Amino acid sequence: MQRIPMTVSGAEALRKELDHLKKVERPRISAAIADAREHGDLKENAEYHAAREQQSFCEGRINEIEGKLSAAQIIDITQLDNTGKVIFGATVTIIDVDTDEEKVYQIVGDDEADIKQGKISVNSPIARGLIGREEGDVVQIDTPGGTREYEVDKVEHL
């Protein structure tokens, strides 16, 4: 089984979602199905079919989260020594060599990635180009907009 890298906060967010699905959504959907059954003929009952579809989605998501959590390799970046090297979970400050624009990214698992919060997937082109580099290194990264050159300014374990 392939291990899925995940930060502590990413694993916690999945656990919260799983808890919500099991304790709130699952009972609500079951009640909606029971209510729809009372309306009679199930073949032409749109409420029943909608509730069953919601149930299917909910159960699928529960299985997906449980699978990810069971295969998760949870990495607590704060417990690792900061050697100045870019690794999974690190927060990296990079500077675009051409424009001097500074960007800060945290390298996280696929499920945690959110560019608006500055979290990029470990499998993204930028993260793949940064992993293993050290502070002061200049890196060329192939992005959808073309090849960009960045300098690794700072590596933090937050």
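Thresholds, definitions, all that
- Residues numbered from 1 in each chain as written.
- Predicted model: local features only at pLDDT ≥ 70, side-chain atom pairs only at ≥ 80, totals over all residues.
- Heavy atoms only, no water.
- UniProt positions renumbered as here; feature names shortened; annotations may be inferred.
- Helix = DSSP H or I, 4+ residues; strand = E, 2+ residues; numbered from the N terminus.
- Rg over C-alpha atoms; globule rule 2.2 N^0.38 Å.
- Buried < 20%, exposed > 50% of the residue type's maximum accessible area, 1.4 Å probe, protein only.
- Pairing = 2+ DSSP bridges.
- Axes fitted to C-alpha atoms, helices over the stretch in contact; angles between N-to-C directions.
- Expected span 1.5 Å × (residues − 1).
- Contact = heavy atoms within 4.5 Å.
- Polar contact = N/O pair within 3.5 Å; in protein donor to acceptor, adjacent residues only side chain to side chain.
- Parallel < 35°, antiparallel > 145°, perpendicular 65-115°, else oblique.
- Left-handed = near helix turned anticlockwise from the far one by under 90°.
- Nonpolar A, V, L, I, M, F, W, Y, C, P; charged D, E, K, R; others polar.
- Salt bridge = Lys/Arg side-chain N within 4 Å of Asp/Glu carboxyl O.

- As annotated in an unreviewed UniProt entry, the protein carries the name Transcription elongation factor GreA and is attributed to Alloalcanivorax xenomutans.
- The Sequence similarities (unreviewed entry) field of the UniProt record for the protein holds the comment "Belongs to the GreA/GreB family."

Focus on the overall build of the protein
Alright, step 1. The secondary structure content of the protein amounts to 3 helices and 7 strands.
Alright, step 2. Counting from the amino terminus, the protein carries its helices and strands in the arrangement β-α-α-β-β-β-β-α-β-β.
Alright, step 3. For the protein, the C-alpha radius of gyration of 22 Å lies well beyond 15 Å, the compact-globule estimate for 158 residues.
Alright, step 4. In terms of principal-axis extent, the alpha carbons of the protein reach across some 70 × 35 × 25 Å.
Alright, step 5. Each of the 158 residues in the protein was classed as buried or not, and the buried ones make up 35%.

Notes on the sheet that holds strand E5 (residues 119–121)
Alright, step 1. With mixed pairing, 5 strands are arranged side by side in an open sheet as E5-E4-E3-E7-E6. Lying at the two open borders of the sheet, with one neighbouring strand each, are E5 and strand E6 (138–143). The sheet shows a mean angle of 45° between the axes of neighbouring strands, taken without regard to direction.
Alright, step 2. Sheet topology note: the strand E4 (residues 102–108)/E5 ladder contains 3 bridges and is parallel. Across the sheet, residue Ile 107 finds its bridge partner in E5, namely Ile 120.

Structural notes on helix H2 (residues 46–70)
Alright, step 1. Spanning 25 residues, H2 covers 36 Å between terminal C-alpha atoms, matching the ideal 36 Å at 1.5 Å per step.
Alright, step 2. Listing the buried residues of H2 in full gives Tyr 48, Ala 51, Cys 58, Arg 61, Ile 62, Ile 65 and Lys 68.
Alright, step 3. Each element contacted by the buried residues of H2 is listed here: strand E1 (4–7), helix H1 (8–37) and strand E2 (72–75).
Alright, step 4. With a side-chain oxygen lying 3.2 Å from the backbone nitrogen of Glu 47, the N-terminal cap of H2 falls on Asn 45.

What about the packing of H1 against H2?
Alright, step 1. Running from amino to carboxyl end, H1 crosses H2 at an angle of 160°, the nearest separation of the two axes being 9 Å. In terms of axis orientation, H1 runs roughly antiparallel to H2. The handedness of the crossing between H1 and H2 is left-handed.
Alright, step 2. By residue class, the composition of the contact of H1 with H2 is 14 nonpolar, 2 polar and 13 charged.

Concerning the pairing of E6
Alright, step 1. Side chains Val 139, Ile 141 and Thr 143 project from E6 onto a buried face, and the interleaved Val 138, Gln 140 and Asp 142 project onto a face without burial.
Alright, step 2. Where E6 and strand E7 (residues 146–156) come together, 6 bridges link them in antiparallel fashion. Bridging from a neighbouring strand, Ile 141 pairs with Arg 148 of E7.
Alright, step 3. The hairpin turn running from E6 into E7, its antiparallel successor, is 2 residues long.

Digging into the pattern of salt bridges
A side chain of one charge can pair with a side chain of the opposite charge when the charged atoms of the two come close.
Alright, step 1. Enumeration according to the criterion identifies 10 salt bridges in this entry.
Alright, step 2. The closest approach of N and O atoms between Asp 19 and Lys 23, which form a salt bridge, is 3.1 Å. Taken together, the positions of Asp 19 and Lys 23, both in helix H1 and 4 residues apart, correspond to about one turn of that helix.
Alright, step 3. Of the residues examined, Asp 19 reaches a relative accessible area of 38% and is grouped as partly exposed.
Alright, step 4. Residue Lys 23 is classed as exposed on the basis of its relative accessible area of 60%.
Alright, step 5. Note that Lys 68 is salt-bridged to Glu 64, the shortest N-O span being 3.0 Å. Placement of the pair is Lys 68 and Glu 64 together in helix H2, with a separation of 4 residues, close to one helical turn.
Alright, step 6. Taking the relative accessible area as the measure of exposure, Lys 68 reaches 15% and is therefore buried.

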